[in-house]
Amino acid sequence: MDANVKTAVRTLAVFEAFGRARKPLTLSELARTISVPLSSCHGLVATLRNRGYVYSVGANRQVYPTRRIFDEAEAIVRNDPLLETAAPVLARLRDDTGETVILGGREPDAVVYLEVIEGLHTIRYTAKPGELKPLHSSAIGKAMLASLGGEELTRVLSRLSLARITDATITTEKALRSDLEEGRGRGLFVTRGENVADVMGMAVPATLAGQPLAVALAGPLGRMEEAFNAHAKRLKAAAAKLLRLGGGG
C-alpha cells in the first residue's frame, strides 16, 4: 500500500476508533485499537493535535477529538448538492411507510449508502451513511446493475465474486441475471433476506442531478411483505419526484 494511502487509512481509523469507544483514549489504547505501532500513532496524533482536531484530556495523557471534526463534517453535509435536494423527499417516504429509507449509488463494485433515514418502528433496519454493501445482494445494488448496458453488465459481473452473505443470497450469474430481468419488468428490485437475514429491501432507480442513484426501503421481511404493494407505489413516486427535482423531467 502506498505510504500516503496508508496514512489516510490510519487517520480515518483514528476517528472511527473514537466513534466506537465514545471516550478519551491513551496513545497506547488508540494504537492497539487501530493496530499500528505506538510510534506511528504518536505521529498521527501529534499532527491532528497541531491541526486542532484532537486535544489532551486529564493527567494520564489521554486524547479526544475536538468539535472541529464535527463542524467540518456538518458544513460538508449541509452543502451536499444531492442530499439537500433529496432530504425532504426521503423524509416524507419514511414518514409515509414507517420503514428505513436509503439513498445509495455505485462505487464502483459496491453500493455506498449516501443517506439513511431510519424507520419509525422499534424493530427496524439500521445502517449508516458511508456503509458499503455488495451489488449482488442488496436491492440498491440490483437497481444499479440493472441500469448497465449488456457489455458493461457482463464486465462488472465478471469482477464480482457473488459471495454468499446469507442462505438466501443469489450466488450464480444466471440466477442474478434472471432476478435483474424480473426487476426491470416490474420497475422494482427486491431482496428477501439476501443481504441481512429476515430483512426485505426494495429499490428503484432515482437519477438526481444527472447522477444514477437508487432509493430503497428496508425493514423486517414479514412487515414489508404485508405492505409490499403500498410501499412499492410510494417508493416509485418518491423516485419520480427526485427525478423532477433533479432536473430530469
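Remember, predicted model here, so these are calculated numbers, not experimental data.

1. Points about the side chain of K142
Item 1. In this fold, K142 is placed in helix 6 (residues 139-146).
Item 2. Since its relative accessible area comes to 0%, K142 is described here as buried.
Item 3. Only 2.8 Å separates the side chain of K142 from the backbone oxygen of V190, close enough to count as a polar contact.
Item 4. A distance of 2.8 Å separates a polar atom in the side chain of K142 from a polar atom in the side chain of E194.
Item 5. Every residue in contact with K142, bar those within four places of it in the chain, is listed here: L135, H136, I170, D179, L180, F189, V190, T191 and E194.

2. Thoughts on the pattern of salt bridges
Item 1. For the structure on display, the rule yields 16 salt bridges.
Item 2. Between K142 and E194 there is a salt bridge, with the nearest N and O atoms lying 2.8 Å from each other. Residue K142 is located in helix 6, and its partner E194 is located in the loop between strand 7 (189-192) and strand 8 (199-205); the two are separated by 52 residues in the primary sequence.
Item 3. Residue classification places E194 among the buried residues on the basis of a relative accessible area of 8%.
Item 4. For E182, the salt bridge identified is with R186, shortest N-O distance 3.1 Å. Of the two residues, E182 and R186 both sit in helix 8 (residues 173-186), 4 residues apart, roughly one turn of that helix.
Item 5. What makes E182 partly exposed here is its relative accessible area of 46%.
Item 6. Owing to a relative accessible area of 28%, R186 belongs among the partly exposed residues under this scheme.

Quick notes on the rules
- Residues numbered from 1 in each chain as written.
- Predicted model: local features only at pLDDT ≥ 70, side-chain atom pairs only at ≥ 80, totals over all residues.
- Heavy atoms only, no water.
- Helix = DSSP H or I, 4+ residues; strand = E, 2+ residues; numbered from the N terminus.
- Buried < 20%, exposed > 50% of the residue type's maximum accessible area, 1.4 Å probe, protein only.
- Polar contact = N/O pair within 3.5 Å; in protein donor to acceptor, adjacent residues only side chain to side chain.
- Contact = heavy atoms within 4.5 Å.
- Salt bridge = Lys/Arg side-chain N within 4 Å of Asp/Glu carboxyl O.

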